[in-house]
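Structural characterization, general
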Amino acid sequence: MNEKHIIPETHPDFKLNKNHYSNSDLSQVAYNLIKEGEPYEGAIGDFLLDWLKPSASMEVQTSGSTGTPKKVKLLKEHMINSARATGKFFELPEKSTALHCLPAEFIAGKMMLVRAMVLGWEIDLVTPASNPLDQVFKTYDFCAMTPFQLDNSIGRLHLIKKLIVGGGAVSPSLQKMVQGVKTKVYETFGMTETVSHIAAKKLNPGKKKSKPIPFKVLPDISISTDERGCLVIKAPKVASDTIVTNDVVEILTYKKFLWKGRYDNVINSGGIKLYPEEIERNLNKIIKRRFFVTGMPDDALGEKLVLFVEADFSEELLEELQKEIKSLKSLDKYEIPKKIYLIEKFEETPNGKIHREKTLKSMI
């Protein structure tokens, strides 16, 4: 058998739900989880069996958060390298305690298990619910959550020492909520193709920063941009090919970049490129209701920037918003919406997020 197909033995300090298991023990554990466990435990069992197979790679489903869901083949060697890079970057040695509260069907949930097995963590499993910390009564060194889970866990965040948040952008309001908490909260940047995250930024640095906080890349990763200004990632230890993303970034140093938004969302207004995500971050300082900005067809400009706010119609509110937006120093003159629409109720996705497209269509 080719040597790279042999899965390394679990770290001697590795524990799953308080018990140490070798590779041979894990097969039995996996079967028990599939046969007798909850559905989320069955998914963990499926992954463990897949991991223990003497094959060099495995198929992983992408979440579809930035495109159509698809299956991606990942090398197990790359998954091991990614686990080691995370351990080094976040300073999480053997015997670190970790909470697993993500679905094991996707890369983030799989990688929590790989990190534990490779780095020798003591990992506990809980249901991947929207409020995972409600089931927890002890402190952990490390945990990974989605922004939705974080939003529902603020009150019990003291139980986690270091938290990474991925699978979607962290909203400015959620970022505000984590200021002042003792937990070190990091937003991560990555995708299935890069075996989870390749960069991270601390969301609650303690001192108030006047400038946006950049993402810092993990070890052995180099970054550049293409002609569109989109991020290009070279990460030979976790991805065989160079990865060209649709994420518009500004590279500050060879290790740091600012995320501006998705290329697919860029509004071209009279030849000026406007990034909705960046504009929304600024507007968040003054608008306390749900809102979003988008482009609408315009004869003169091609697209004009418009603002949707979830509120009952009111002339007073419109005037107040216009006044406050014009006085916002962090907004460029081109970033001031040409029109503001007040909408009683936004259209929503099944998990409660604003459905921008449907809301916009209801207006056109």
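So, here is what we can say about the structure in this document. (Residues numbered from 1 in each chain as written. Predicted model: local features only at pLDDT ≥ 70, side-chain atom pairs only at ≥ 80, totals over all residues. Heavy atoms only, no water.)

**A few points about the packing of aromatic side chains**
Aromatic rings in a pair are described by how distant their centres are and how their planes are angled relative to each other. Under the criterion given, the structure shown has eleven aromatic pairs. Between the aromatic rings of Phe89 and Phe90, the centroid separation amounts to 4.9 Å while the plane-to-plane angle is 75 degrees, which identifies the pairing as edge-to-face. Given a relative accessible area of 3%, Phe90 falls into the buried group. Arranged with centres 5.0 Å apart and planes meeting at 75 degrees, the rings of Phe90 and Tyr186 form a pair that is edge-to-face. On the criterion of sequence distance, the pair formed by Phe90 in the loop between α3 (76-89) and β4 (97-100) and Tyr186 in strand β8 (residues 184-191) is long-range, its members being 96 residues apart. A network of ring pairs unites the aromatic residues Phe89, Phe90, Trp121, Phe142 and Tyr186 as a single cluster. The residue whose ring lies beneath Arg228 is Tyr263, and the NZ or CZ to ring-centre distance is 4.9 Å. (Phe/Tyr/Trp six-rings, centres within 6.5 Å; stacked < 30°, edge-to-face > 60°. Buried < 20%, exposed > 50% of the residue type's maximum accessible area, 1.4 Å probe, protein only. Helix = DSSP H or I, 4+ residues; strand = E, 2+ residues; numbered from the N terminus. Lys NZ or Arg CZ within 6 Å of the ring centre and 35° of its normal.)

**Quick notes on the nonpolar core**
Grouped together as the largest cluster of nonpolar side chains are 63 residues, with contacts concentrated most on Leu16, Leu26, Phe47, Trp51, Met79, Phe189 and Phe257. With near-sequence residues (within four places) excluded, Met79 lies in contact with Phe47, Trp51, Met58, Leu74, Ile107, Met111, Val114 and Val195. (Core = buried A, V, L, I, M, F, W, Y, C linked by side-chain atoms within 4.5 Å. Contact = heavy atoms within 4.5 Å.)

**Structural notes on a negative patch on the surface**
A contiguous patch of negative charge on the surface is contributed by Glu315, Glu316, Glu319, Glu320 and Glu324. Locating Glu320 in the fold gives a position in helix α8 (residues 315-326). (Patch = residues over 30% accessible without salt bridge, like charges linked within 9 Å, V, L, I, M, F, W, Y side chains within 5 Å. Areas by Shrake-Rupley, 256 points an atom, 1.4 Å probe, with all protein chains shown as cover. Salt bridge = Lys/Arg side-chain N within 4 Å of Asp/Glu carboxyl O. Lys, Arg positive; Asp, Glu negative; His and termini not counted. Charge placed at Lys NZ, Arg CZ, Asp CG, Glu CD.)

**Focus: the sheet that holds strand β11 (residues 222-225)**
The sheet built from twelve strands is open, its strands ordered β1-β5-β4-β6-β7-β8-β9-β10-β14-β13-β12-β11 with mixed pairing. Where the open sheet ends on each side, the last strands, each with one partner, are β1 (15-16) and β11. Relative to strand β9 (residues 196-202), β8 runs antiparallel, the two being bridged by six bridges. Looking across to β9, one finds that Glu187 is bridged to Lys201. (Pairing = 2+ DSSP bridges.)

**Notes on the layout of surface pockets**
Approximately 270 Å³ is the volume found for the second largest pocket. Lining the second largest pocket are 13 residues; nearest its centre among them are Phe89, Tyr186, Ala200, Lys202 and Lys216. At the level of secondary structure, the elements contributing two or more residues to the lining of the second largest pocket comprise β8 and β9. With three residues, β9 is the largest single contributor of residues to the lining of the second largest pocket. Looking at the lining of the second largest pocket residue by residue, the class counts come to six nonpolar, no polar and seven charged. (1 Å grid on protein atoms, 1.4 Å probe; cavity = no way out; pocket = protein on both sides within 12 Å on 5 of 7 lines; lining within 4 Å. Points joined across faces, edges and corners; volume = space filled by probe spheres on them. Nonpolar A, V, L, I, M, F, W, Y, C, P; charged D, E, K, R; others polar.)

**Some remarks on unusual backbone geometry**
In this structure, Glu91 is a non-glycine residue whose phi angle is positive, near 55 degrees. With respect to the helices, strands and loops of the structure, Glu91 is situated in the loop between α3 and β4. A positive phi is found at Val195, a non-glycine position, where the angle reads about 55 degrees. Inspection of the secondary structure assignment puts Val195 in the loop between β8 and β9.

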